[in-house]
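Chains, contacts and geometry: an overview
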Amino acid sequence: MIDLHHHGDREIGGGLVDLAVNVRLPAPPDWLAAVIAESITTLGCYPRIDEARAAVAARHGVREEQVLPTAGGAEAFTLLARGLSPRHALIVHPQFTEPDAALRAAGVDPDHLLLTAGIDFTLDPTAVDDEADLVIVGNPTNPTSVLHPAATLARLRRPGRVVVVDEAFLDAVPGEVDTMINSELSGVLVLRSLTKTWGLAGLRAGYVVGDPALVRLLAAQQPPWSVSSPAAAAMVACMGQQAQSESTAAALAYETKRAHLITRLVALGLPPVTPARAPFVLADTSAVARHPGSVREELRTAGFAVRRGDTFPGLGPDWIRIAVRDTSVSDALADALADVINR
C-alpha cells in the first residue's frame, strides 16, 4: 500500500544534504520577512483576505471572484475533495499525492491514469476516461518535472467535467509558460503555492484561481480564518513587482543549475526524465542498483537525502527525485553517486 502522506520532509535530517524537499530558500528573503514581521502587530484582530485576493487577481489579470487564498496549496485539495463531490474522479499519476489522499479522506476512490517512462511521462488527453467528471494533473508535474503544453491540458475540458491543474511549481518556469490561468476558466481550477519559491512552507500560503462558481464551492468548505494574517500579508507582498523580478531571476537560474545537474547524471549513465522544467529532476537508478532502492539508501549513508519514488503511484523504489541546487552541491552529489556505482 502506497503511503500517500509521505513527503520529502520525511527524508531529511541528521545532517544530510537536503535534495528531497523542493523549497528554494531556508527562510524568506529579508524584505518578505519584514512584511511578515510587521503583520504580527495585527494578530489581535481576526485575519482578512480581501487585500490578498485583490493582489492575486491583479497579478493574474482575473476577477476577484475567481480567486480564493488558501493555507498553502495543499488546503485547496481538501476543499475541492469536500466541495465538488465527483462521481468519477481521475488523477494523472505519478504526481503529488495529496489530492489522492484528500479525495480518499472525503470518501471518494479516484481512478488513476498512470503515465510511463516509455512515453516520457507525457499526457495524451484521449487516454482520459470520457466519463471522468474530475481530472487532476500537475504542471509541471511533481515528481517527473514534465511541463504539459497548455493546449494539451485544454483538451481535457468538456461540459460536466472539472479540470484541476496543480501549478505549484510553475513560478519556477521562466515566463510561467503553459499556465492555465487565462481569460476562459470555465470548469477549470488552477492551484498555486508560494511556499516553494519564497521559503514559506511553515507559513502555508497559496491560492486558487478559476471558475467563480467552483471557487465559491471551495470557499464554502473553508474553515473560518483559515488563512492567517501573516500568510495574507505575504501573499500581497509576493504579488508585487519586487517579488516578480526576483522570481523571474530565480527561474532563470534554475535553468542553468538544472542543466548542470542533468549533465552530471547523464555522464554517470543515469539520465533523468527530460525535458525537465521544474526545480527537480526524476531519475531511474535501476541500471546501477544492487537491490531495489539501494542507490537511495547508499546516498543517504554518504550524506545525501533524495526523495524516494515508490510513494508515488506508478513509480518503483529505484526512482529518485533530486532537487536542483547550486552546481557545487550537484557536483558533490555526482561524486557520491560515482562512488556508489563503482563500489
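Residues numbered from 1 in each chain as written. Predicted model: local features only at pLDDT ≥ 70, side-chain atom pairs only at ≥ 80, totals over all residues. Heavy atoms only, no water.

Moving on, we get to the nonpolar core. Of all hydrophobic cores here, the largest spans 51 residues; its most connected members are Leu-32, Leu-123 and Leu-194. Element by element, the count of residues in this core is highest for helix 8 (residues 229-238), at 6 residues. When near neighbours in sequence (up to four residues on either side) are disregarded, Leu-123 contacts Val-92, Leu-113, Leu-115, Val-128, Val-137, His-148, Thr-152, Leu-153 and Leu-156. Residues Ile-91, Leu-103, Leu-134 and Leu-189 belong to the second largest nonpolar core, which totals 22 residues. (Core = buried A, V, L, I, M, F, W, Y, C linked by side-chain atoms within 4.5 Å. Buried < 20%, exposed > 50% of the residue type's maximum accessible area, 1.4 Å probe, protein only. Helix = DSSP H or I, 4+ residues; strand = E, 2+ residues; numbered from the N terminus. Contact = heavy atoms within 4.5 Å.)

What follows is about the packing of helix 3 (residues 72-84) against helix 4 (residues 98-105). Relative to each other, helix 3 and helix 4 sit at 35°, their axes nearing to 8 Å. Once helix 3 is placed against helix 4, the crossing between them reads as right-handed. Contacts between helix 3 and helix 4 involve Phe-77, Thr-78 and Ala-81 from the former and Glu-98, Pro-99, Ala-102 and Leu-103 from the latter. Among the residues making up the contact of helix 3 with helix 4, the classes are represented as 5 nonpolar, 1 polar and 1 charged. (Axes fitted to C-alpha atoms, helices over the stretch in contact; angles between N-to-C directions. Left-handed = near helix turned anticlockwise from the far one by under 90°. Nonpolar A, V, L, I, M, F, W, Y, C, P; charged D, E, K, R; others polar.)

This paragraph deals with helix 1 (residues 30-39). When we look at burial in helix 1, the residues that qualify are Trp-31, Leu-32, Ile-36 and Ser-39. Within helix 1, the buried residues cover an arc of 140° as seen down the axis, which keeps them to one side. Along helix 1, the residues that are exposed and aim more than 90 degrees away from the buried face are Asp-30 and Glu-38. (Arc of directions from axis to C-beta.)

In this section: the sheet that holds strand 1 (residues 17-19). The mixed open sheet is built from 4 strands, whose spatial order is 1-10-11-9. The open sheet has two edge strands, strand 1 and strand 9 (280-284), and neither has a second partner. The mean inter-strand angle of the sheet, taken between neighbouring strand axes irrespective of direction, is 35°. Here strand 9 runs beside strand 11 (residues 319-323); their pairing, made up of 5 bridges, is antiparallel. Across the sheet, Ala-283 pairs through a bridge with Ile-320, a residue of strand 11. Contacts between helix 9 (residues 241-267) and the sheet are confined to strand 9 and strand 11, with strand 9 contributing the most and set at about 15° to the helix. (Pairing = 2+ DSSP bridges.)

This model, assessed by the stated rule, comprises 3 cavities of 30 Å³ or more. Considered as a void within the structure, the largest cavity measures approximately 90 Å³ in volume. What lines the largest cavity is Arg-59, Asp-171, Glu-176, Arg-192, Ser-193, Leu-194, Trp-198, Tyr-207, Cys-238, Met-239, Gln-244 and Ser-247. Those elements giving two or more residues to the lining of the largest cavity turn out to be strand 7 (188-193) and helix 9. (1 Å grid on protein atoms, 1.4 Å probe; cavity = no way out; pocket = protein on both sides within 12 Å on 5 of 7 lines; lining within 4 Å. Points joined across faces, edges and corners; volume = space filled by probe spheres on them.)

What follows deals with the side chain of Thr-70. Relative to the elements of secondary structure, Thr-70 occurs in strand 2 (residues 67-70). Here Thr-70 falls in the buried class, since its relative accessible area comes to 0%. A polar contact of 3.4 Å, which involves the side chain of Thr-70, links it to the backbone nitrogen of Tyr-207. In contact with Thr-70, other than residues within four places in its own chain, are Glu-75, Ala-76, Leu-79, Arg-204, Ala-205, Gly-206, Tyr-207, Val-208, Gln-222, Val-227 and Met-235. (Polar contact = N/O pair within 3.5 Å; in protein donor to acceptor, adjacent residues only side chain to side chain.)

Where charged atoms of side chains with opposite charge meet at close range, the side chains can pair. Applying the stated criterion across every chain yields a total of 21 salt bridges. Arg-104 is paired through a salt bridge with Asp-100; the nearest N and O atoms lie 2.7 Å apart. A residue pair is termed a helical-turn pair when its members lie 3 or 4 positions apart in one helix, as Arg-104 and Asp-100 do in helix 4 at 4 residues. The buried category is assigned to Asp-100, whose relative accessible area is 0%. A salt bridge links Arg-308 to Asp-310; the nearest nitrogen and oxygen atoms lie 2.7 Å apart. By relative accessible area, which is 24% here, Arg-308 ends up partly exposed. Using a relative accessible area of 22% as the deciding quantity, one classes Asp-310 as partly exposed. (Salt bridge = Lys/Arg side-chain N within 4 Å of Asp/Glu carboxyl O.)

On their own, these measurements won't tell you what the molecule is for.
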